[in-house]
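# Report on the structure
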Amino acid sequence: MRQCIALLILVLACDPDSVAASELPRVDASITVDGIRNEAAWSHALRVELLFENSPGENLAAPVATVAYLFEDGKNLYVAFDAHDPDPKRILAWLRDRDSLGPGDFVGISLDTYDDGRRAYEFFVNPLGVQWDRLNDEVNDVKDSAWDAIWASAGRIDDHGYVVEMRIPLGQLRFRDREGPKVWRYRLTRSYPRLRNVSLSNIASDRDRNCSICQYPSFQGLVGAESGSNLEIVPTLTATRSSTAESDFAALTDNGTAVDAGLTVAYGVTPEITANLAINPDFSQVEADDAELAINNRFALVFPERRPFFLEGADYFRTPMQAVFTRSVESPDVAAKLTGRSGANTYAAFVARDDATNLLFPGSLGSDSTRLELGNSVWVGRYSREFQGLPSVGGLLTVRDGEGYENRVAGLDSRWLINDQHELLVQWLNSTTAYPDAVAEEFSQPAAHFDGKAFRLEHVFESRNWFSNVTLLSIDDGFRADTGFIRQADVRRQEYSFGRKWYADESWWARINLRGGYEVKDRQDGQLLEDTYIVALGLTGILQSSINLNVRQGREFDSGRLYDYNRMTLDTRFEPVGGLRLRLRTQLGDEIDVANTRLASERRLSPSLRWSLGRHLLLSLDGDRVELETQAGVRIFDASVVDARVTWQFGIRSSLRLTVQQTEVSRNVDVYRDDVEPESKDRGRQLLYSWKMNPQTVFFLGYSDSYARDDELDALVASDRRWFMKLGYAWTL
């Protein structure tokens, strides 16, 4: 019956009259965003039903009723949802920090404000009013939850389900500034997780098209709409009292109290152009990064950007290769940025004066890094132009200069949406670099100016049942992108993959993916580095479960020798009850022992747990344990890292979190080529109270410390201790 109803709905939806842009009403009324849709203005709103189950069922009739209401008042877009539920007691909703809804019920809206099917602002709210916003960038295949907007939301559970209200200021969005009605694409969604995680929306999604935003319907309206508050001023005040050890395992020295004031300003020059300025900004990281096990690694680890100044308009700087990575800018005294669009043109630039210089030295078999107490100036410029039905063309220029040091990168890139299934990406970069003499000598880098090139070509095909990918990459030995994050050089890589997908509308399983692939890497001089055959199988099913099996067989080069290896990775996750999410990643097989240049056997277990106990309490635990043995079965090392967090969420704005991270390494010194420590242990703790009215108006108060121990110590010794406070307030004018 559901298939018949869905077919009828689909036929009606395909009628040319029914797909014409809907009229978005303008209503001049005062709305209190409280989760109670009782104002008269809602009776004049555009009413849209979410009729389709897009996943796991393929455009079936929705199993529950959901109605959305939309209108605008010239400065704000108002959205409300009536989400009916046959059993409201089964609604999954918890109080969480923003952008942390978890695997529960929520509703949301996606807005393509340029009506070009490429990027969309997305706003989601759970039944208790918790917000999650992100930027869906289909140009670069990135869904960026680090993007934040200032908007209002509220949710309320009742006897019929739940109601959500949103107020989204137009000043938080970028859109074409033109006369007459504006046309925006939109999609309304609802997540309905029960035995299966059902996704509902107002559109029938065609799985035979590899774009999603291009399928959104449109509304028109917003005639003469103002961009609202186009000036945002955020002063910050940070105070820190710290004690640190001047050398390993020495007594702590009191560093006293440091107080810093900073200012960031965002100005909407037009609805399409935004200018940002930061003066003595506080770019310290308040919340601890996820713990990573940094042992037997050849290449540098990457951590995400979280600083608001760099997150604004970050998508404008993205290219097929990561030539711009703003965490390379550590602590600037002043920084300025301009991002915008004008018709088919997109442009972005930022400048900064940084007090420190972080350097990454990429190689074919690994990377190295250092931090210099050397100031530098950074300039990044990006421009792209889109052509209807033709490839887009873009250019990038980055410059970083300091005393005795410079790095410049320039290049072109293009993206061609050939049709609904085929996409072609290409990028070419050229770099010129010079390091200070002492740095060049210490890290075996060229002693004078040197240059290098990088090239990437990728073809992506995806239809309802089939998919493939071909990637060709070449990076010279002398290529450096110091304002980006490219950690391997002197390499040529070819990747080929091909796969099949199967779907089930109403079964214990929802989707199966089978993929085969081949990858080969060599140095620029032709030396083979790695060639690998890959078979991967993925399955999703009931209880929000997934199983992913990846088997690799190939050869890997290290220290003048090619090693044959076999490796298997199994990643499983499921939610046995609402609020409890379990995951276990297992890796078994051959691995290079980097410290001793030989083939070894590895066993790696990475468990993860997220457990919501009631509305307020969240327990999270992430672990990673690695055991490495020689091929004869002799232990080389055991290493583990644990990241445990307990969060009490007082409401949607304030929380208290305790984080404990611990790393332990035990080595068998008898099988090591060089002298190493038999035992080492590090522990860090953080207690953080946070209050957030919005992403910019915040208050943090916290305490953190770090401890370390080696084989000569019986107990952990403090290496760092600090109290910190941060206050920020956003004025919008």
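Below or above, wherever it landed, is the structure these notes cover.

Reading the values: rules and limits
Residues numbered from 1 in each chain as written. Predicted model: local features only at pLDDT ≥ 70, side-chain atom pairs only at ≥ 80, totals over all residues. Heavy atoms only, no water. Phe/Tyr/Trp six-rings, centres within 6.5 Å; stacked < 30°, edge-to-face > 60°. Helix = DSSP H or I, 4+ residues; strand = E, 2+ residues; numbered from the N terminus. Buried < 20%, exposed > 50% of the residue type's maximum accessible area, 1.4 Å probe, protein only. Lys NZ or Arg CZ within 6 Å of the ring centre and 35° of its normal. Pairing = 2+ DSSP bridges. Axes fitted to C-alpha atoms, helices over the stretch in contact; angles between N-to-C directions. Salt bridge = Lys/Arg side-chain N within 4 Å of Asp/Glu carboxyl O. Disulfide = S-S within 2.5 Å.

## Here we look at the packing of aromatic side chains
Overall, the coordinates contain 25 aromatic pairs when judged by the stated rule. With a centroid separation of 5.0 Å and an interplanar angle of 80°, the aromatic rings of Phe123 and Trp151 are classed as edge-to-face. Taken as a pair, Phe123 in strand β8 (residues 119–125) and Trp151 in the loop between β10 (142–144) and β11 (152–158) lie far apart in primary sequence, 28 residues in all. Of the residues examined, Phe123 reaches a relative accessible area of 0% and is grouped as buried. For Trp151, a relative accessible area of 8% translates into the label buried. Taken together, the ring pairs in this structure connect Phe361, Tyr405, Tyr435, Phe443 and Phe450 into an aromatic cluster. Above the plane of the ring of Tyr69 lies Arg37, whose end atom (NZ or CZ) is 3.9 Å from the centre.

## Quick notes on the sheet that holds strand β2 (residues 46–49)
The strand order across the open sheet built from five strands is β2-β5-β6-β12-β11, with neighbouring strands paired in antiparallel fashion. The open sheet has two edge strands with one neighbour each: β2 and β11. Across the sheet, the axes of successive neighbouring strands diverge by a mean angle of 15°, strand direction being ignored. As paired strands, β11 and strand β12 (residues 161–169) are joined by seven bridges and run antiparallel to one another. Across the sheet, residue Gly155 finds its bridge partner in β12, namely Val164.

## Quick word on the pattern of salt bridges
As enumerated under the stated definition, the model contains 56 salt bridges in all. The partner of Arg196 in a salt bridge is Glu53, and the shortest N-O contact between them spans 3.4 Å. Of this pair, Arg196 sits in the loop between β13 (182–193) and β14 (197–201) while Glu53 is found in strand β3 (residues 52–55), placing the two residues 143 residues apart along the sequence. Glu53 gets classed as buried once you look at its relative accessible area, which sits at 0%. Bridged by salt links that share partners, the residues Arg603, Arg625, Glu627, Glu629, Arg635 and Asp638 form one connected network.

## With respect to the state of the cysteines
A full pass over the atoms with the stated rule returns one disulfide. Residue Cys211 pairs covalently with Cys214 via a disulfide, S to S 1.7 Å. The sign of the S-S torsion, about 55°, decides the handedness of the disulfide formed by Cys211 and Cys214: right-handed.

## Focus: unusual backbone geometry
Residue Pro56 is reached from Ser55 by a cis peptide bond, and omega for that bond is 0°. Inspection of the secondary structure assignment puts Pro56 in the loop between β3 and β4 (60–61). We note that Leu543 has phi near 55°; this positive angle belongs to a residue other than glycine. Tracing the backbone shows Leu543 in the loop between β31 (528–541) and β32 (545–558). Although it is not a glycine, Gln544 adopts a positive phi angle of roughly 50°. Inspection of the secondary structure assignment puts Gln544 in the loop between β31 and β32. Assessed through its relative accessible area of 16%, Gln544 is described here as buried.

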